[in-house]
Amino acid sequence: MSAHGSHLIENPHEIGTTGLPHRKIMMWLFLASDCMFFGALISTYLIYRGRSIAGPTPEEIFDIPLTSTSSFVLLMSSYLMVLALAAIERNDLTKFRVYCLGTAFFGSIFLGFQVYEFTHFYHAGLTLHGSVFGSSFYVLTGTHGCHVAIGVLWLLALFFYSFTGGVTQRRALDVEIAGLYWHFVDIVWIVIFVAVYLLEYII
Amino acid sequence: MSSEEMHIEPAPEKGFFDNIFPRQVEPKGLIGWLTTIDHKRIGILYGVTALFWFLVGGLEALMIRIQLHTSDFRGFISAETYNSLFTMHGTTMIFLVVMPLAVAFFNYVMPLQIGARDVAFPRMNAFSYWMFLFASILLNISWFFGEAPHMSWVGYAPITEIQYTPGMAGEFWIIGLQLLGVASIVGSLNFITTIINMRAPGMTFMRMPVFSWMTLVTGFLIILAFPAITICLAELMFDRLFGTNFFQAAAGGLPILWQHLFWVFGHPEVYILILPPMGMVSEILPVFSRRPLFGYPLIVGSGIAIGLMGFTVWSHHMFTSGLGNIATAAFALTTMAIAVPTGVKIFNWIGTLYKGQLIMATPMLFSLGFIYQFMMGGFSGLMHANAVHDLQQHDSYFIVAHFHYVLIGGALFGTFAGLYYWFPKVTGRKLDEKFGKFVFWFLFVGFNLTFFPMHWLGLNGMPRRIYTYSPNMGWDTINMVCTFGALLMAVAVVVFFWDLFRTAKSGQVAGFDPWDARTVEWSIPNPPPVYNFKDTPQVKCLDDFWYAKYPETMVHDEDETMHPSDYVAADPAVHGHSHDDHGIHMPGGSWFPMFAALGFCIGGFGIVMHGFFIPDPVAAKSMSTLSILLREYWLAILGGLMGVASVFAWAMEPIGGYNIHFKEEDNK
Amino acid sequence: MPKRYLKAVSGPLSRILLALLAILNTGCVNEVRGTLNPLGPVAERQMSTFMVTLWVSLGMFVVVGSFLVYCLVKFHHKGEITKDTPLPDQSHGNALTEIGLILISVFLVGIIALPTVQGVFYVGTLPSDQKVYEVNVTGLQWWWKFEYPEYGVVTANEIAIPAGRPVKFNLQTADVLHSFWVPRLGGKMDLNPGQDNWLWLQADPEMLAADAKELSTSGGSPRWAHLPADYPFQGYVLYGQCAEYCGSSHAFMQFRVLVLDDANFQKWVEWQKSDSKSTLTAGEVAQGQAVFMKNKCQTCHTVRGTNAKGLVGPDLTHIGSRTSIAAGWLENTPENLGHWIQKPGELKPENIMYVTGYQHTDKWGGLVNNSQIVVTDEERDVLAKYLYSLK
Ligand code: HEA
Ligand code: HEA
Ligand code: CUA
Ligand SMILES: [Cu+2]
């Protein structure tokens, strides 16, 4: 992210050989690992594509405009996340709160869309145990949804914590790390959106 | 530098949770162990736990061997028990013995080798340990429910599906492995961060001891490989609990997917098991040959190469699953290619011995045994890679021979070498040489007697995972030999443990630097003080400690100076490593890592037990899905909540701890 | 080229090694015959590529191992090390040696790789120059169902194949994974749910003859080599085995392969196609059938020509003609048949016949079903006699 000197970090123990804070390194590592989780799930989904014996099929139930909208909302939340981090690095607490809450709000909207979609699909006959499409679809997008939900809770925690003095310029790292996670979850969604939804209309 | 010389002062901070479960300041006794976040203590806990499970896994192996000692021997254990025995034996040995033993060394030795105060996230480290401990207990209490997993350590779907393995056995296995996976991933995130970011000033990557290097590579393998098994276990769990169709062929699922996902994890896993012992051996050979490691950059490079290539070969476990000719040939080739970097290691180890001054102490003996036996195991691995004949070898005792050669002859012998080598570091006492040699020779002879003949059994058609065989097959004599060998190993193991206890209590005091070693962990007292290094070492070259002792042996192409950027990191104000006016700050012990692990494991147990809480079908008719789920999984939910709450409390905990001040005159 | 290449590398060497292994073989047990004594082209090809790998590895092992031992002997330092002991050579690498060794390794791997790839395609491709016989194999916990689609023959746990002819086995499973393995004819192949796996094998008449001769001179038990004396044909019996873990009775999931010459194979097919002919009197047959029906055996078993048409268990039409029962594990004798019919759970843990047909209680003592089969001693004898007579 931005080039802030180590003097901005509260705890000097945190800075190591590479000049980077431990927690940031760990977050990157975790995201690498998380990539493999999603990699395995997406592979499962793709391998099971077209193998279902019972319906409904993806084309029958997907609503691309709707999901595109929710994807757009999630993308925009990433933008707000960037603004939130920039705000806290400028020590602008008010702006930080606005953007942070905004990010969480957009994330919640995305989740709302997903809940709507799941209920809709369920009523259209797509169940967890009905077909391999159902199983792999719900587990993949559900896992992603859980990631978003955790992100929302995390952002809300930061938001409330900012009122007790827990989020400051010197601790912008906390926000940066939450941001890394949030952007990752966002990018993964783009991949899922392409591999699950758009693919049906490409090939 | 004993504690009398220093003056300890608790840090002033106090926080809300401190009232209930205060952070511990210099804790003693049982509480000290339960709340410890000291990497050295956690290392010891890992080691002791893993050695305990080694006895359990070994006992299971002995029962297997007794059962197989002769044909049609059916009175001893039933087929079902036998199946549980080999499943639990394999699972235990791999996940509860060899891996955690390596982790014990990662914990204890790696931070000392790189000159760090502790790992990057000490409480997370404690969490990994408790998670491992509780998960291992969870896996093993299945025996007391009469539901020990019995679908083999690879759990090929669909035998793990609810139709074929009803009851709790499946969940015990799934949940146990799942929780162990969490422990491993969390632990590795920690180790990698530590190595990347907490090396002492001057310790560039190319000056880092090989063992730390292998810790790094293994860490990456773990975080990249474990997700695959986590996902396939999760899919299987959903199949069993919620009726999804991932591995249900009738609904279009592909059981073969399990094999792919499992081995995408499984093959890197076997390198996770072997790389740490390779690292240990690479430390030990130079010390006992009194000469530098031959080709250090190549040893490191081949370790990385093995790790990378390990991700490209998984289907060699599936040559008989109908991959098609092209895939079969391709995976055979990638597999064979691994022989090259592995060979590099073997050659360089022998190159280290060449022209050396070999001291045949026990760690050296085990390392030499490692080289020989690992090479044997590697060659049989190469024979499997011959996909044409692997169709004959697969699932026969030839495979059993291969993997015991690499796992025992390789991983376990290497780890034993490490154990003998670093035991003085940990306890300050040296294991007895006479006993050590006895243990080595009994293990060596017993091991080869047990497993070498198995090649022959396999080639003559004996399949694995059979609980008895017909006398017509002519396998009796050889099986008897194998069983006899296993008994020899048992003798060695018993003597080894006895010596371990004896020495830990009252063995010969080792003194400073007992092996005339090369790496910086030996530049501090045995056992090391809590804070490890009073002054952070300034590393000038590979094998810094050796060249400090024998500067004249420095060969001059060695890069002696510190890299400019290292000085930045060495700035104490930034680095916070060497002690200044504030003294050394030691963080306090914490209860929450253990609580969190306990919570998650109770939650896991809740999932295993869910069957007991399913409402009867009549009552269920009038209940909503949600209330049925709540009833079924109340314990799981409760445990999960406990875990989450503990993590939260942990995040909110104050830094706490205490500062250690040294008297002025102690500052060198 | 491939064959000659193989022979050149492995021919003479493998004969020496085989001799060594043969010493080990005869030294231990005479009748052991496994993958090292192939009886067909597939197994032979597999063994010869194995020999290439074995020899390369062995050579490497001897070279590297000897150098290791040399170092241990030569550089072993006896006695104390003191401050005054001069240090050994302190060099730490030699680029040329390293590169050389890497190149040698790559070369050796190449030697193994070539025949491996060729072999993979040989084993994995059906011979196209002659008629290929087909057998559909279905694996079930814990027995085998065999069908000859061409002839409409259905049988269980025992098949016949014509010597010298390639046979394609189409592998399907009805439940979990199994693996079809006849060590002396070739490697195994898994039976995977939802997948159409196949495998081809062939028995070579000359190799069979040579093997039979060797066995008769070495005095080894011919149990696995020849059909029982009272069998109507002459032929060779090989044993097969399920090689993929498939549950409690995996160890007992075996089968037998009769290798017959063309004429006898045709006779066998005709015989298996026809309904069974009992050697008993009509009265005895009627009594046997009655007891069979009374015990509900027909819910699971088929005996063609009678009312028994169950499909859960093995086809029993020609059960009396098989050399084994309970999926290759027990010899087919009236005593074993009786034992099996009365107490299948004793002989084969958790087998489906026992669990769904006979078992009263589960392992905690709870009642499983109360319509279970109880075969009295008299019924057992009648059934055994009746089934054994179904030739
Ligand atoms: C520590 C663990 C470990 C290690 C290090 C290895 C190392 C290797 N393994 Fe092994 N393997 C297992 C553990 C391990 N394995 C286990 C547990 C199983 C069974 C799982 C199960 O089914 O339950 C298994 C199964 C297994 C199979 C599947 C067999 C089957 O089920 O059909 C195969 C197939 O290719 C294989 C190959 C190899 C190869 C090529 C190596 C190579 O890395 C070896 C390389 C080393 C050498 C070759 C020797 C030294 C080299 C030289 C001296 C150089 C010169 C030599 C030449 C150029 C030839 N292994
Ligand atoms: C690192 C891993 C490791 C280790 C160390 C071992 C160690 C041993 N294993 Fe291992 N084994 C596996 C990993 C390992 N195994 C795996 C992965 C499988 C495959 C499982 C599967 O198919 O799914 C397997 C399968 C396996 C089989 C095949 C079973 C089958 O397919 O049917 C056999 C058979 O002989 C066997 C034997 C042994 C023996 C004799 C030892 C010996 O070396 C053990 C030596 C130890 C002792 C002898 C301990 C003695 C202890 C006491 C005497 C005291 C006990 C006291 C108390 C508990 C208080 N093992
Ligand atoms: Cu069927 Cu093993
Ligand atoms: Cu492998």
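Provided above is the structure to which this section pertains.
Quantities reported herein were computed from a predicted structural model and do not represent experimental measurements.

(A) Up close: the overall build of chain B. Assigned secondary structure in chain B consists of 22 helices and 5 strands. If one aligns the C-alpha atoms of chain B with their principal axes, the spans along those axes are about 75 × 65 × 50 Å. Looking at chain B as a whole, 69% of its 668 residues are labelled buried. Look at the contacts in chain B between residues 6 or more apart in sequence, and 83% of them connect residues 24 or more apart. With the model as given, the accessible surface of chain B reaches about 21000 Å², and the carbon-plus-sulfur share is 72%. Side-chain charges in chain B split into 33 positive and 45 negative, and the spacing between the mean points of these groups amounts to 5 Å.

(B) Inspection of the site of ligand 1 at higher detail. For ligand 1, the set of nearby residues contains 34 residues, the closest of which are B:W153, B:Y271, B:D390, B:H394 and B:H402. Mapping the residues adjacent to ligand 1 onto the chains of the assembly identifies chains B and C. Between ligand 1 and B:W153 there is a distance of 2.8 Å, counted from an oxygen atom to a side-chain nitrogen or oxygen. At 3.5 Å from an oxygen atom of ligand 1 is found a side-chain nitrogen or oxygen belonging to B:H316. Every element with two or more residues in the shell around ligand 1 is listed here: α7 (255-289), α10 (339-353), α11 (362-385) and α13 (397-427) of chain B together with α3 (95-123) of chain C. Among the elements that make up the shell around ligand 1, the one with the highest residue count is α11(B) (8 residues).

(C) Fine view of the pattern of salt bridges. Under the criterion given, the structure shown has 26 salt bridges over all chains. With its nearest N and O atoms 2.9 Å apart, the salt bridge here joins B:R240 to B:E171. Here B:R240, found in helix α6 (residues 210-242), pairs with B:E171, found in helix α5 (residues 169-197); they are 69 residues apart in sequence, far enough to count as distant. Classification of B:R240 as buried rests on a relative accessible area of 6%. With a relative accessible area of 3%, B:E171 lands in the buried category. Between C:R184 and C:D211 there is a salt bridge whose closest N-O contact spans 2.8 Å. Of this pair, C:R184 sits in the loop between β6 (178-182) and β7 (186-191) while C:D211 sits in helix α4 (residues 205-218), placing them 27 residues apart in sequence. Summarising the burial analysis for this pair, C:R184 and C:D211 share the class buried. One continuous salt-bridge network, built from bridges that share partners, spans B:R290, B:D513, B:D516 and B:K549.

(D) Seen up close, the interface of chain B and chain A. Listed per partner, the contact involves 41 residues of chain B and 38 residues of chain A. Surface buried jointly by chain B and chain A totals about 3200 Å² across both partners, of which 70% is contributed by carbon and sulfur atoms. Three residues stand out in chain B for area buried against chain A, namely B:N197, B:I231 and B:F246, and they jointly supply 17% of the buried area on that side. Applying the counting criterion to the chain B and chain A interface returns 11 residue pairs in polar contact (both at pLDDT 80 or more). Broken down by element, the residue count for the side of chain B that touches chain A peaks at 10 residues, all from α6(B). For the side of chain B that touches chain A, the residue count by class is 28 nonpolar, 11 polar and 2 charged.

How each quantity is defined
Residues numbered from 1 in each chain as written. Chains lettered and ligands numbered in written order. Predicted model: local features only at pLDDT ≥ 70, side-chain atom pairs only at ≥ 80, totals over all residues. Heavy atoms only, no water. Helix = DSSP H or I, 4+ residues; strand = E, 2+ residues; numbered from the N terminus. Buried < 20%, exposed > 50% of the residue type's maximum accessible area, 1.4 Å probe, protein only. Contact = heavy atoms within 4.5 Å. Areas by Shrake-Rupley, 256 points an atom, 1.4 Å probe, with all protein chains shown as cover. Lys, Arg positive; Asp, Glu negative; His and termini not counted. Charge placed at Lys NZ, Arg CZ, Asp CG, Glu CD. Near = heavy atom within 4 Å. Polar contact = N/O pair within 3.5 Å; in protein donor to acceptor, adjacent residues only side chain to side chain. Salt bridge = Lys/Arg side-chain N within 4 Å of Asp/Glu carboxyl O. Buried area = accessible area lost by both parts, 1.4 Å probe. Nonpolar A, V, L, I, M, F, W, Y, C, P; charged D, E, K, R; others polar.

Nothing here speaks to function; it is all geometry.
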